[in-house]
Structure formats: structure tokens, C-alpha cells
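Read off the chains here:
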Amino acid sequence: MSRIGRAPITIPAGVTVNVAEGNVVTVKGPKGELTRQLASEMTIEIQDNVLTVSRPNDLKRNKSLHGLTRTLINNMVIGVSAGYEKTLEINGVGYKANKQGKKLVLNLGYSHPIEMEDPEGVESVVDGNKIIIKGISKEVVGQYAANIRIKRAPEPYKGKGIKYSDEVIRRKVGKTGKK
């Protein structure tokens, strides 16, 4: 059995989980509501605020979907109750970020500023050289953070660029002159 898929999900107070026909899971909580269509092969059961996912047989596809289905539901439950947050850091002389309404404006050493609009359900906050991205969907928050980071990925010689706050950049030694 899948170790992840076998683990039960405890539904916190204030969160409701509804499983409709065709494994359409709707999770409502204090931060919002998420809906997702999951694999129809999996059996999702809710008893006494504990959600369990089980699979019909041990086919390779079903084994793969077992843990995935459980993790997706767990991410939805955590998202509507606590939310998700990613922090990016901007390093480099003259590199900066500003917020204009729902737009994030990045000055990253190019000839033009880069404007990025916040996706639906995601909020970005600029705090000095940090960009904090908050939302209820782990997938959307992570993708938006990756889209921002790719605009100027950190380089290994000076460490300039946009990096995740917990990311470690492997630094390289520069050129050496002739002796």
C-alpha cells in the first residue's frame, strides 16, 4: 500500500469537504473554496471528520493515483484553513519590485520594467527586497512564484537575481588573471 495514500486526513473545525459524483471534491473553509476533479478510480470516504482514500486494486496506475489523490485533497484542506505563502528575495544593484494595484512591477536590469498581473486568488506583497506571494491554492502560488523567479534567475558568480528565500545558490569562482 502507498504510505502517503494510506494516511488519513483529519478535517479541521470550520472546514467542510464535499465529494460529489465523479470524485469532484469541494473544500470550503475560512479562507475560501477550492474544487477539483480527481481520479474516478479512487474511493474517497468521510467518517467523523476523517477523510480516507482507498484504491480498488494494485495496478501501477492506481498505486500512483492513490498517494496523489490523498495529497491533492490534503493540500486543498490546508489551503482553505491556513493558506500558502512563498517568499522571494531580489538581490542586485538597482533591482527592485513595486506594487501598482494588482500589478507587480519588476525592474531587473533590463531596458524595460516587467509587469506581472496577480492571478485570481493570489495576492503579492512587496516588502523591501522581498516579494511575498499568498493564496489558498498551493499549485497556483508555486507557479506564480516560479514565473516571477524565471524573469531573472540567480546567477552563480555574484548571486544577482530573484531567488526563493530558502534557496541556496551555489557560487562559482570567477576568472583568474595570468601569472
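Residues numbered from 1 in each chain as written. Predicted model: local features only at pLDDT ≥ 70, side-chain atom pairs only at ≥ 80, totals over all residues. Heavy atoms only, no water.

Please clarify how the overall build of the chain should be interpreted in this entry.
What the chain contains, in helices and strands, is three helices and 13 strands. The principal-axis extents of the C-alpha atoms in the chain amount to approximately 70 × 45 × 25 Å. The buried share of the chain, reckoned over its 179 residues, is 37%. The long-range fraction of contacts in the chain, counting pairs at least 24 apart against all pairs at least 6 apart in sequence, stands at 49%. Carbon together with sulfur atoms contributes 49% to the accessible area of the chain, which is approximately 11100 Å² in total. Between the averaged position of the 30 positive side-chain charges in the chain and that of its 18 negative side-chain charges there is a distance of 12 Å. (Helix = DSSP H or I, 4+ residues; strand = E, 2+ residues; numbered from the N terminus. Buried < 20%, exposed > 50% of the residue type's maximum accessible area, 1.4 Å probe, protein only. Contact = heavy atoms within 4.5 Å. Areas by Shrake-Rupley, 256 points an atom, 1.4 Å probe, with all protein chains shown as cover. Lys, Arg positive; Asp, Glu negative; His and termini not counted. Charge placed at Lys NZ, Arg CZ, Asp CG, Glu CD.)

I keep staring at the layout of surface pockets and nothing clicks. Help me out?
Its boundaries defined by the atoms lining it, the largest pocket holds a volume of some 190 Å³. For the largest pocket, the full set of lining residues is L34, T35, R36, L72, N75, M76, I136, S137, K138 and E139. Contributing elements (two or more residues each) for the lining of the largest pocket: strand 4 (32-37), helix 2 (60-81) and helix 3 (138-149). Across the lining of the largest pocket, the residue classes break down as four nonpolar, three polar and three charged. (1 Å grid on protein atoms, 1.4 Å probe; cavity = no way out; pocket = protein on both sides within 12 Å on 5 of 7 lines; lining within 4 Å. Points joined across faces, edges and corners; volume = space filled by probe spheres on them. Nonpolar A, V, L, I, M, F, W, Y, C, P; charged D, E, K, R; others polar.)

Looking at this structure, how should I read the sheet that holds strand 6 (residues 50-54)?
What holds strands together in a sheet is hydrogen bonding between their backbones, with the strands either parallel or antiparallel. Here three strands make up an open sheet; going across it, the order is 1-6-5 and the pairing antiparallel. At either margin of the open sheet sits one strand with a lone partner, and together these are strand 1 (9-10) and strand 5 (43-47). Bridge analysis of strand 1 against strand 6 gives two bridges, and the strand direction is antiparallel. Bridging from a neighbouring strand, T10 pairs with V50 of strand 6. The strands touched by helix 2 within the sheet are strand 1, strand 5 and strand 6, with strand 6 carrying the most contacts at an inclination of about 155°. (Pairing = 2+ DSSP bridges. Axes fitted to C-alpha atoms, helices over the stretch in contact; angles between N-to-C directions.)

Would you mind showing me how to read the pairing of strand 5 here?
When a strand is regular, its side chains alternate between the sheet's two faces. Pairing analysis gives five bridges linking strand 5 to strand 6, with the strands arranged antiparallel. Its bridge partner being in strand 6, I46 is matched across the sheet by L51. Between strand 5 and strand 6, which pair antiparallel and follow one another directly, the connecting turn spans two residues, one of which, D48, has a positive phi of 55°.

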